[in-house]
Each structure stands twice: as C-alpha cells, then as structure tokens.
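Inside the fold
Here's the letter readout for the chains.
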Amino acid sequence: MEWFLIIVTIVMALLLLFVNFYLLVLYCHPDDSGWGSSLVCKVFVIIGMTLTWAQVLMLPLDAANSRGLGEGLDMDFFWKFIYMLILIFGTLFIPFAQYYYESDDEKSVGQRCCAALYQQLCFVVIVALLLFISYAFLRFADIPVYISVKSCAQPTIFLDSETPFTGVANSLQEDSADTLEYEVSFPVYVMAFMSLFGYCLFVIFGGVGLTALPVDLIQEFIHRPKKLTTAEGTQKKSSLKRKAFELIEEGNKIRDEQKEATAIKGWWASYREKRRVRTQFTRYKNAVLCLDRDNEIFKMELKYFDTNPVVWYFKLVVGVIFCVISFIWWLHILLFIVIRDSDGISASPFLNKILIGLEDGNAGFLCVGIFGFLCIYLLWCTQKGNIKFGLRIPFLFSLHIMKVNETWMNTFLFNVQLMLICSVAVTQFCTKAFSQYIRLSTLNMLFSTQIQYLRFFTYLYSNNVFEIILLVWSVLTMIYLLIRRSDKPKILKEIEEMQKQEFK
C-alpha cells in the first residue's frame, strides 16, 4: 500500500506540472512568451499553481493512506511541509516576483530589485507582525474533554506528543466536561492563520462560483454563435464599429476629465471628482471588455461552419451535470454542517454516508475518486468565482483577467497568490464537510482536534459562520444570475439606447 501511494503521488506531481505548464503556455501573452522572458516569474507561477492543486489532491491521498495497512506515508510531515511552503511562496517569492515585474523596466536590474525589495519588506513586516503577534496570544486551543467515570478508570487523551499542553482534566470523582489547554505547534498555527484569511475569500469566490460555473456554461450554449446572413453580418459589423468609435470618444472624454480633476483646487472637491472619474473609468474598462467579447463572438459567427457545434452541446451537458453537483454541495452543506440539533449532531451525514457505504461495498478506489473530484470541483468553483466576482465588483481587486494568449505575468502571479490562500480554506472546508469519511486522516485530526478549538478561531469554526455565509451568498448569487438577463455594463447599455434613438 505504501509503495502504491508513493507511485500515485509521483504520477500526480508530474501530471500537475505538465497541466500547469500547458496552462501557462496557453494563456501567456505573446510578448511574455518564451523562457527567455520573465523566466523566474514563470517558474514561480508553475510551482504556485502546482501547490494550489496539489494541496487539494492530497486530501484523497490522506484518506486512502489512513485506510491502508501498516504505517503508510507520514502525512503529518507532508501537510506541515506543504503549508510552510505555501506561506513562503505566498509571502516571499510570488509578491517579490510581481513587484519586480511591475517595476519600471527602463531602470537597471539593481534598481528594479531595490524597488521590489522595499515593497516586499513592507509586505513581509505586515504579515510577520500579524502572524507572530497573533501566535503569541492565540496559540492555545481549548479542547473539550468529556470524562465518564463509569466507562473508564483512567482517561487517555491522544494528542501530538511533541506539542506541550499546559492544562489537565478535572479529577475523576464524577462525570464531568472540561477543556484541555493545548499549545499548538507553529506549523499548525500557520495552517490556521492562512485558512482564516483564505476563508474570507473562499466564502465570496466559492459562493459565486458554485452558481456561476454551471450557469455560465449553459449561457454559453444559449448564446452560442448562430449562422448569419450577409445582411445580418454587415449590420452587426457596422454596429460593432459604431460601438468602438463611441468607446474611443468616451475614453478621450474620461482622459480629459482626469486632467481636469487633477487641476481642481480643494482636497474634498478634488477627491470627489477623482473618485467619480475612477468609477466611470472602471465601467469604461468593463465596456471595452464586453465589446471585445462581442467582437470575438461575431468572428466565431462568421466562421460558424468551421466551428464544431458539438462543443456547445458538450458545454450544455457539462453545465447541467455541474448544476447537479452544485446542488449536491448546497444540500450537503445544509444538512451536514448548518442544520444541527442542540447536541451539535447534524441532520444527516448525506455524502459521508454515501461514501462510507460505497467503501463498505468494496468500492474504495471509487470513493477516493469521487471524494477527490468533489474537492477539485470546489476549488474550480473558487477560481471561477474569482474571475466572476472581480468583474462585477472591480473596486475590491484589480481585474487581472486571465484570457487565452492575453495574460501578462503580473496577472498570473496575482491569481496564483490569491488561489494559494483560497486553497487552504478549500482544504479545511472539505475536511470539515467530509469529517466522517476521512475521520482517521491526518489533516482531519489537525483541524478537528486543534485548529477548530484555537482561541478566537473557535467562535468562527464551531458556530459554522463561514459555512452559513457561503450558503447564503451562493443562493443570493444564484437568484441574481437567474434574474439578471444581461451581463453588459451600464455604459454599454446607454450607448445602445442612444443608437436606437438615432434611428427612430
């Protein structure tokens, strides 16, 4: 069993490297292509993406390892190593690469490195202060201990022997419930620290992605390219040209307003004008993106017979399947995590019961495959939500949209750093959602007996705050996407209304 898991681990690592290399080549901008350009950034992108997906794929590996005979793999070392690696990449390597890439390329390498190091130092100081100060005060976990005199004469508490604990249970004169003050190790606290920030992003992006991923696939089928007559093609081409010229005029107008806002005297008046212009410019960028999408659709419509129509029907089928999977996730979150009785027992184990039943029926490999797919699907939804939410509320993050043959390295680095943080929360969420199925896994032991009961953290994890927000936000997103008929920005709608009025 141990050799089998080692072989599977090596094969998956090589497969991830190949897939990430392919994605980098596929999305990379032509001016950034080739290993001679931004080599270090490309290496960090591949390693970062590999860490993101490898972390989630380690969950089914941990589950399979916990069911093997003998000692198996040392998953405790694997988990702590990969989380420390994520911390190093997320706070040191990737930010520095992004700062260096975005620096003025007309300066010398030394000047660019100094500028990037200065920004990097500021970022590291902030992260270090948050991490070490919080570790000094929040590194203790108050683990509940239930003692029954009738069931045992001497209680035994199974914890990591390398980590000291400073509390002891009450005397065994009568049945009691007490808490054990347990000091977690630094790597375990790093896991909790990153998962807290990752959860803040995961509940937003994951909630959006659970709906957006299947809905967008179905909408792509609905709005698939259709055959155009010559007259329709000419009319649409003229319409796209008019929109392009109007957007050029709008861009020139915004540029002039930016200059005027800079010249305004008075701090408050200048601030309000700059904010108004910045908001208008954000809508303008969305309008340009929408026009570019319409132009791409138009070119596909002209070449309709050159495009295999099976692709669009495949997207419809996949979208329907993903709708079912998202619904299963919602149902599982509701029944197993959110709805609980006064004793903290869930309404139904649902997916846990199904996987355990399949495992008891000698379908262990199928169970691990299903479990791995559900975890990967959730991470996929998170990536989708990152793109979807960034487009809809751009003032929270730069757009940094990944498009085929149009993605710059700073966009790659930004998305990799974001997904590294989110993947930690996705892993913890999946551990909690399948706590019965992977009850013997190493990661479940770390999360359910240590991280879940850390001071301050326990109020969020024990009360399922993030899971409730995720479910509510996902439902609201579903309602919004189903009601909203168009994703076109407001500025483009106004241009189309003006065009209609001109032809009346």
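Look a little higher up for the structure.
Keep in mind that this is a model prediction, so the values were computed, not measured.

Considerations on the overall build of the chain
- Within the chain one finds 15 helices and two strands.
- Taking all 504 residues of the chain together, 42% fall into the buried category.
- Long-range contacts, defined as pairs at least 24 residues apart, comprise 78% of the intrachain contacts of the chain with a sequence gap of at least 6.
- Accessible surface for the chain amounts to roughly 27,600 Å². Of this, 66% is attributable to carbon and sulfur atoms.

A word on the packing of aromatic side chains
- Taken as a whole and assessed by the stated rule, the structure comprises 29 aromatic pairs.
- When the centroid spacing of 6.0 Å and the interplanar angle of 75 degrees are considered together, the rings of F456 and F457 count as edge-to-face.
- In this structure F456 comes out as partly exposed when scored by relative accessible area, which is 42%.
- When its relative accessible area of 2% is taken as the criterion, F457 is described as buried.
- The ring of Y100 has R112 sitting right over it, with the charged end atom 4.4 Å from the ring centre.
- A cation over a ring is seen here: R340 above F336, with NZ or CZ 5.7 Å from the ring centre.

Overview of the side chain of N410
- Here N410 is to be found in helix α11 (residues 409-433).
- By relative accessible area, N410 is classed as buried at 16%.
- Within the structure, N410 has its side chain in polar contact with the side chain of E102 (distance 3.4 Å).

Some points on helix α9 (residues 351-360)
- Among the residues of α9, L351, N352 and L355 are the ones counted as buried. Within α9, the buried residues cover an arc of 105 degrees as seen down the axis, which keeps them to one side. Opposite the packed face of α9, turned more than 90 degrees from it, sit the exposed residues K353 and D360.
- Where α9 ends, the next residue or the one after it, N362, has phi of about 60 degrees, a positive value.

Here's the deal with the pattern of salt bridges
- All told, the structure shown has seven salt bridges when counted by the stated rule.
- Across the pair D76 and K80 runs a salt bridge whose closest N-O atoms are separated by 3.4 Å. Here D76 and its partner K80 are both found in helix α3 (residues 75-102), four residues apart, which amounts to about one turn of the helix.
- The class of D76 is partly exposed, set by a relative accessible area of 27%.
- Residue classification places K80 among the buried residues on the basis of a relative accessible area of 14%.
- A salt bridge links E467 to K432, with the nearest nitrogen and oxygen atoms 3.5 Å apart. Of the two residues, E467 sits in helix α14 (residues 465-483) while K432 sits in helix α11, which places them 35 residues apart along the sequence.
- What makes E467 buried here is its relative accessible area of 2%.
- Three or more residues are tied together by salt bridges with common partners; here these are D142, E181 and R455.

Re a nonpolar patch on the surface
- A contiguous nonpolar patch, built from I468, V472, V475, L476, I479 and I483 and spanning about 500 Å² of accessible area, is present on the exposed surface.
- Classification of L476 by relative accessible area gives partly exposed; the value is 47%.

A short note on the side chain of T382
- Counting through the fold element by element, T382 comes out in helix α10 (residues 364-392).
- Among residues more than four places away in sequence, those in contact with T382 are F202, F205, G206, M419, C422 and V426.

What to know about the nonpolar core
- Counting residues in hydrophobic clusters, the biggest one holds 91 residues, and the most contacted among them are Y83, W329, F371, F429 and F434.
- The element contributing the most residues to this core is helix α5 (residues 186-222), with 14 residues.
- Contacts of F429, omitting those with residues within four sequence positions, involve Y199, F202, W329, I333, I337, L378, E467 and L470.
- Counting nine residues, the second largest nonpolar core, distinct from the first, contains F205, A212, C422 and L481.

Details of the packing of helix α8 (residues 310-338) against α11
- At a closest axis distance of 10 Å, the pairing of α8 and α11 adopts a crossing angle of 60 degrees. Compared by their axis directions, α8 and α11 come out oblique. Contact residues: α8 offers W329, H332, I333, F336 and I337, while α11 offers F429, C430, K432 and A433.

Details of unusual backbone geometry
- The phi torsion at F456 lies on the positive side, around 75 degrees, for a residue other than glycine.
- Counting through the fold element by element, F456 comes out in the loop between α12 (442-449) and α13 (457-461).
- At N464, a position not held by glycine, the phi torsion is positive, near 55 degrees.
- Turning to its location among the elements, N464 is positioned in the loop between α13 and α14.
- Classification of N464 as buried rests on a relative accessible area of 7%.

Side note on the environment of Y437
- Tracing the backbone shows Y437 in the loop between α11 and α12.
- Expressed as a C-alpha distance, the spacing of Y437 and L355, which sit 82 residues apart in the sequence, is 6.8 Å.
- Setting aside residues up to four positions removed in sequence, Y437 forms contacts with A63, R67, N352, L355, I356, E359, C367, V368 and F371.

Remarks on helix α6 (residues 230-263)
- With 34 residues, α6 extends 50 Å from end C-alpha to end C-alpha; this agrees with the ideal 50 Å at 1.5 Å per step.
- Looking at α6, one finds that the buried residues are G233, S239, L240, K243, L247, E250, G251, I254, E257 and A261.

Topic: the state of the cysteines
- Under the counting rule described, the total for this entry stands at zero disulfides.
- No disulfide involves C375; its sulfur sits 3.6 Å from that of C430, the nearest cysteine.

Definitions and cut-offs
- Residues numbered from 1 in each chain as written.
- Predicted model: local features only at pLDDT ≥ 70, side-chain atom pairs only at ≥ 80, totals over all residues.
- Heavy atoms only, no water.
- Helix = DSSP H or I, 4+ residues; strand = E, 2+ residues; numbered from the N terminus.
- Buried < 20%, exposed > 50% of the residue type's maximum accessible area, 1.4 Å probe, protein only.
- Contact = heavy atoms within 4.5 Å.
- Areas by Shrake-Rupley, 256 points an atom, 1.4 Å probe, with all protein chains shown as cover.
- Phe/Tyr/Trp six-rings, centres within 6.5 Å; stacked < 30°, edge-to-face > 60°.
- Lys NZ or Arg CZ within 6 Å of the ring centre and 35° of its normal.
- Polar contact = N/O pair within 3.5 Å; in protein donor to acceptor, adjacent residues only side chain to side chain.
- Arc of directions from axis to C-beta.
- Salt bridge = Lys/Arg side-chain N within 4 Å of Asp/Glu carboxyl O.
- Patch = residues over 30% accessible without salt bridge, like charges linked within 9 Å, V, L, I, M, F, W, Y side chains within 5 Å.
- Core = buried A, V, L, I, M, F, W, Y, C linked by side-chain atoms within 4.5 Å.
- Axes fitted to C-alpha atoms, helices over the stretch in contact; angles between N-to-C directions.
- Parallel < 35°, antiparallel > 145°, perpendicular 65-115°, else oblique.
- Expected span 1.5 Å × (residues − 1).
- Disulfide = S-S within 2.5 Å.

The values are spatial; any link to function lies outside them.
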